[in-house]
Amino acid sequence: MKIGKRTCSNWVLLVLCIVALPLAVHPQNENSKNEILKNGETIRKAFSDGDIEKIRSLHHPDVIKALGYNDLKIGRDEVISGLEETLRNFNLEFLKNDVESILVKDNIAIEQTKFSIKGTPKTGGEPFIFMGRTMVTYVRYDKSPTGWATIREIIQPATN
């Protein structure tokens, strides 16, 4: 059987497309993952600095956070209101932030992370360490300084 030059060229083109497709998608996901990691650095610094406005800018207006079984915050204003009270009373420092996974799909990213936060009372007293796991869903949001904003978060406190 004789294969013409055109048929051979079509097969070569098809194989190249199949090989190149994952390569074209991969850098986009890697870039998005790096953006999410950078977003995490930015928000942890804002928590440590007590920078409420920076934290506000990294949350979508429609954010919903389950901070505990009986602690659900709906909307950015409610999230920030609760945070303002915490930051009035404590200095917060992230001791651990171990990203377990990041899934990126189009304009949505989901990050799962084990963390620990040291809280030091501003009026004196013993510091505490809060540990847990969080699952944060981000959406691309052009009003955020990083291009991403938290839209959902669930925190699972450690139980050891």
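Before reading further, recall that the structure is shown in the block above.
Residues numbered from 1 in each chain as written. Predicted model: local features only at pLDDT ≥ 70, side-chain atom pairs only at ≥ 80, totals over all residues. Heavy atoms only, no water.

Chemist: Would you explain a nonpolar patch on the surface in this entry?
Modeler: Where nonpolar side chains cluster on the molecular surface, the patch consists of L95, I129 and M131 and spans about 280 Å² of accessible area. Structurally, I129 can be placed in strand β5 (residues 128-140). (Patch = residues over 30% accessible without salt bridge, like charges linked within 9 Å, V, L, I, M, F, W, Y side chains within 5 Å. Areas by Shrake-Rupley, 256 points an atom, 1.4 Å probe, with all protein chains shown as cover. Salt bridge = Lys/Arg side-chain N within 4 Å of Asp/Glu carboxyl O. Helix = DSSP H or I, 4+ residues; strand = E, 2+ residues; numbered from the N terminus.)

Chemist: When you look at helix α3 (residues 76-89) in this model, what are you seeing that I'm missing?
Modeler: Count 3.6 residues to each turn of an α-helix, and residues three or four apart come out pointing the same way. With 14 residues, α3 should reach 20 Å at 1.5 Å per residue; the first-to-last C-alpha distance of 20 Å fits that figure. Among the residues of α3, those classed as buried are R76, V79, I80, L83 and L87. When α3 is viewed along its axis, its buried side chains cluster within an angular range of 90° and face the same direction. Residues of α3 that are exposed and point over 90 degrees away from its buried face: D77 and R88. (Expected span 1.5 Å × (residues − 1). Buried < 20%, exposed > 50% of the residue type's maximum accessible area, 1.4 Å probe, protein only. Arc of directions from axis to C-beta.)

Chemist: Any chance you could explain the environment of T146 here in plain terms?
Modeler: Its place among the elements puts T146 in the loop between β5 and β6 (148-157). Between the C-alpha atoms of T146 and E35, which are 111 residues apart in sequence, the distance is 7.3 Å. With near-sequence residues (within four places) excluded, T146 lies in contact with N39, T42 and L58. A polar contact of 2.5 Å, which involves the side chain of T146, links it to the side chain of N39. (Contact = heavy atoms within 4.5 Å. Polar contact = N/O pair within 3.5 Å; in protein donor to acceptor, adjacent residues only side chain to side chain.)

Chemist: Would you explain the layout of surface pockets in this entry?
Modeler: Empty space left among the atoms is revealed by rolling a probe the size of a water molecule over them. Looking at the largest pocket, its volume works out to about 770 Å³. As for the largest pocket, its lining consists of 28 residues, of which F47, L67, F94, I117 and I155 are closest to the centre. Taken together, the elements giving at least two residues each to the lining of the largest pocket come down to α1 (5-49), β1 (59-68), β2 (71-74), α3, β3 (90-105), β4 (108-121), β5 and β6. Looking at the lining of the largest pocket element by element, the count peaks at 5 residues for β5. When grouped by side-chain class, the residues that make up the lining of the largest pocket number 15 nonpolar, 7 polar and 6 charged. By volume, the second largest pocket amounts to about 160 Å³. Forming the walls of the second largest pocket are K96, K114, F115, S116, M131, G132, R133, Q156, P157 and A158. Every element with two or more residues in the lining of the second largest pocket is listed here: β4, β5 and β6. Considering only residue class, the lining of the second largest pocket consists of 4 nonpolar, 3 polar and 3 charged. (1 Å grid on protein atoms, 1.4 Å probe; cavity = no way out; pocket = protein on both sides within 12 Å on 5 of 7 lines; lining within 4 Å. Points joined across faces, edges and corners; volume = space filled by probe spheres on them. Nonpolar A, V, L, I, M, F, W, Y, C, P; charged D, E, K, R; others polar.)

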